[in-house]
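Coordinates in review
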Amino acid sequence: LVVLFEKCLERSKKLSFILSILSQSTAAMTGTCSVTKKYVSKKLNSVRWKPATSNFNKAEIFVTGSWDDEENNVSVWRCVSEGEPQLLQELPHVGDVMDMTYLSRDVLGVSSSTGSVTVYQHSNDDKATLSSLASWDRCHALASGDAASCTGLSSNGSMLASVGEDARLLLLNPGETAPHRVIESGGDSSEYAVVFVKTSEVLTGNMQGHLRLWDTRTSGNSPVTTMISNLQEWVRQVSCHPSQQHVVAAAGEGGTLTLWDMRSPQQPFTCISAHTAPMTEARFHSGASDHLFSCGLDGQLVHWDASNTSNITSKHTGSDGSPGLVTSWLDARVGRGEVSTTALLSSGPLPLNSLDVQADVLLAASDNEAIYVIRNVILY
């Protein structure tokens, strides 16, 4: 009886240890990728890596922003090689966090559903502390005076571009108390997505499926180029190729991934059915640009791999006859939808709202109050 009791006690200890590990981290294997799920008790709408010190170092710090709660926050996390992310700091945030972007390694911009934009200084010490640097209260507002949600942010390294439900494009300089410039879009459709394609050129997308390119060096409010999606669906987010800015990926309301060559803006290069519900974000990998990642309201996280076309891709010529740079994303096979795809996270009951990737580690933020850390993403 004593021996039996000791065996039962030992098994009980092992079971308790296993349960404690499972309660700390829910990990699964998807192919060769490891997936860690960290519950945070808040719906998350945005996640961004803090840029690494150099191309040879892996990023360890990232930030998240919550939404759809009575009290939202911006949180700082440390992600090590194994295990769950560790919470370093949590700051209260007025309104839903709509978008986040880094101006530099140490400066973070955050947009709010109240129409405000806040810039934080990010320290480089072990705690990676955030402190307020600048803010523009309700800089996005309707003609009635009511707040208009600031839906998108982008940075060229020194200035922010923001768009919102007031159908305006704002340029914000952290050293100035008022918006550096306000550009009226001239329409009644909310500008929802924004990205700097060059230092002085900004691309916006709206709820009518229009992509418009703005030259911030000009004094007028007319876009340089207007590209109209033939699907006429809400452009929820836009992303530029890291080295060939004429290649743009747009995440659509219909679950469609639309690729544009901005040198031939009359129509998109291709439209690929990507998700079974609206897409929320699409991002090229900054260091392995043949790879793109997308997420959506269907709960899926998809890895798009066009590297099999890169070896024999020919130069693409723009509409003005000028030669273009080689890119796998403008290959004819990509145009036919022949892209390798892998579901890193399969469909779930709740949306995936945001993603970011550095090296071989991908982050995803979800409405199921969790952060997903996907390690060992295959890129080569």
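Preceding this section is the structure that the text describes.
These remarks concern the structure in this document. Every residue gets a number counted from 1 within its own chain, in the order that chain's sequence is written. Only residues with pLDDT of at least 70 are given local features in this predicted model, and only at 80 or more are side-chain atom pairs given and counted; all residues enter the totals for whole chains, interfaces and linings. The basis for the side-chain values is all heavy atoms of the structure; hydrogens and waters are excluded.

Moving on to the overall build of the protein chain. Starting at the N terminus, helices and strands are each numbered in turn, a helix being any DSSP run of H or I of at least four residues and a strand any DSSP run of E of at least two. Within the protein chain, the regular secondary structure consists of two helices and 29 strands. Only protein chains enter the area calculation, which uses a 1.4 Å probe; residues under 20% of their type maximum are buried, those over 50% are exposed, and those in between are partly exposed. For the protein chain, with 380 residues in total, the buried portion stands at 54%. The contact criterion used throughout is that any non-hydrogen atoms of two residues lie within 4.5 Å. Long-range pairs, those at least 24 residues apart, make up 50% of the contacts in the protein chain between residues at least 6 apart in sequence. Summing over all exposed atoms, the protein chain offers an accessible surface of approximately 17200 Å²; the carbon and sulfur share of this is 51%. Here the open area of atoms and residues is found with the Shrake-Rupley method and a 1.4 Å probe, where only the protein chains shown may cover a residue.

What follows is about the sheet that holds strand E26 (residues 340–345). The antiparallel open sheet is built from four strands, whose spatial order is E23-E24-E25-E26. Edge positions in the open sheet fall to strand E23 (279–284) and E26, since each of these has one partner strand only. Here the average twist between neighbouring strands, direction ignored, is 20°. Note: strand E24 (residues 291–296) against strand E25 (residues 301–305), five bridges, orientation antiparallel. Among the inter-strand pairings, Phe293 is bridged to a residue of E25, identified as His303. DSSP calls a pair of strands paired once it identifies at least 2 bridges connecting them. Note on definitions: angles span 0 to 180 degrees between N-to-C directions of axes, and those axes are lines fitted to C-alpha atoms, for helices only across the stretch in contact.

Glancing now at unusual backbone geometry. Positive phi is not limited to glycine here, since Ser41 has a value of about 65°. Locating Ser41 in the fold gives a position in the loop between strand E2 (33–39) and strand E3 (44–49). Judged by its relative accessible area of 57%, Ser41 is exposed. One non-glycine residue, Arg138, adopts positive backbone phi at about 50°. Looking at the secondary structure, you find Arg138 in the loop between strand E10 (130–136) and strand E11 (150–155). Residue classification places Arg138 among the partly exposed positions, given a relative accessible area of 39%.

Spatially, E3-E4-E5-E6 is the arrangement adopted by the four strands of the open sheet, whose pairing is antiparallel. Two strands lie at the open edges of the sheet, namely E3 and strand E6 (86–93), each paired on one side alone. The sheet shows a mean angle of 20° between the axes of neighbouring strands, taken without regard to direction. Both strand E5 (residues 72–78) and E6 contribute to a ladder of seven bridges, which runs antiparallel. Note that in E6 the partner of Asn73 across the bridge is Pro92.

Before going further, it helps to spend a moment on the pattern of salt bridges. Where charged atoms of side chains with opposite charge meet at close range, the side chains can pair. The salt bridge definition used is simple: a Lys or Arg side-chain nitrogen within 4 Å of an Asp or Glu carboxyl oxygen. The final tally for this structure, using the stated rule, is 17 salt bridges. Where Asp68 meets Lys43, a salt bridge forms, and the shortest distance between an N and an O atom there is 2.7 Å. Pair noted here: Asp68 is in the loop between strand E4 (61–66) and E5 and Lys43 is in the loop between E2 and E3, with a separation of 25 residues, a long-range link. Judged by relative accessible area, Lys43 falls into the partly exposed class, the value being 27%. Each of Arg48, Asp99, Glu281 and Arg283 takes part in salt bridges that share partners, so that together they form one network.

Next up on the list: the side chain of Ser154. Along the chain, the position of Ser154 falls in strand E11. Within the structure, the side chain of Ser154 is placed 2.9 Å from the backbone nitrogen of Phe196, a separation counted as a polar contact. Ignoring anything within four residues of it in the chain, the contact list for Ser154 reads Thr101, Met159, Leu160, Ala161, Val194, Val195 and Phe196. Two N or O atoms form a polar contact when they lie within 3.5 Å of each other; inside protein one atom must be a possible hydrogen donor and the other a possible acceptor, and for residues adjacent in sequence the pair counts only when both atoms belong to side chains.

With six of six residues buried, strand E21 (residues 256–261) is to be regarded as a mostly interior element. Residues Thr256, Thr258 and Trp260 of E21 are buried on one face, and the alternating residues Leu257, Leu259 and Asp261, pointing to the opposite face, are buried as well. Inspection of the sheet shows strand E20 (residues 247–252) paired to E21 by five bridges, in the antiparallel sense. Counted as the bridge partner of Ala251 is Leu257 from E21. With antiparallel pairing between neighbouring strands as the criterion, E20 and E21 make up a hairpin whose turn holds three residues, including Gly255 at a positive phi of roughly 80°. With four bridges joining them, E21 and strand E22 (residues 270–273) adopt antiparallel strand pairing. Paired with Thr256 across the two strands is Ser273, which belongs to E22.

To continue, consider the packing of aromatic side chains. Between the rings of Phe, Tyr and Trp (Trp by its six-membered ring), a pair exists once the centres lie within 6.5 Å; its type follows the angle of the planes, with under 30 degrees stacked, over 60 edge-to-face, and the other angles tilted. The full count for this structure, using the stated rule, is four aromatic pairs. Ring geometry for Trp49 against Phe62: centres 5.7 Å apart, planes inclined by 75°, an arrangement best described as edge-to-face. With Trp49 in strand E3 and Phe62 in strand E4, the pair connects residues that are 13 residues apart, well separated along the chain. Look at Tyr192 and Trp234: their rings are 4.7 Å apart centre to centre, the planes differ by 90°, and that puts the pair in the edge-to-face class. One end of the pair, Tyr192, is in strand E15 (residues 191–198); the other, Trp234, is in the loop between strand E18 (225–228) and strand E19 (235–240), and 42 residues separate them in sequence. On the basis of relative accessible area, Tyr192 is assigned to the buried category, the value being 16%. Looking at Trp234, the relative accessible area reads 18%, which means it is buried. Linked through ring pairs, Trp49, Phe62 and Trp77 together constitute an aromatic cluster.

The next thing to look at is the environment of Arg217. On the secondary structure map, Arg217 appears in the loop between strand E17 (210–215) and E18. Along the chain, Arg217 and Ser200 lie 17 residues apart, while their C-alpha atoms are 6.4 Å from each other. Setting aside its immediate chain neighbours within four residues, Arg217 contacts Arg181, Ser200 and Glu201. One polar contact links Arg217 to Ser200, side chain to side chain, over a distance of 3.2 Å. There is a polar contact of 3.0 Å between the side chain of Arg217 and the side chain of Asp215.

Purely geometric stuff here, so don't read any function into it on its own.
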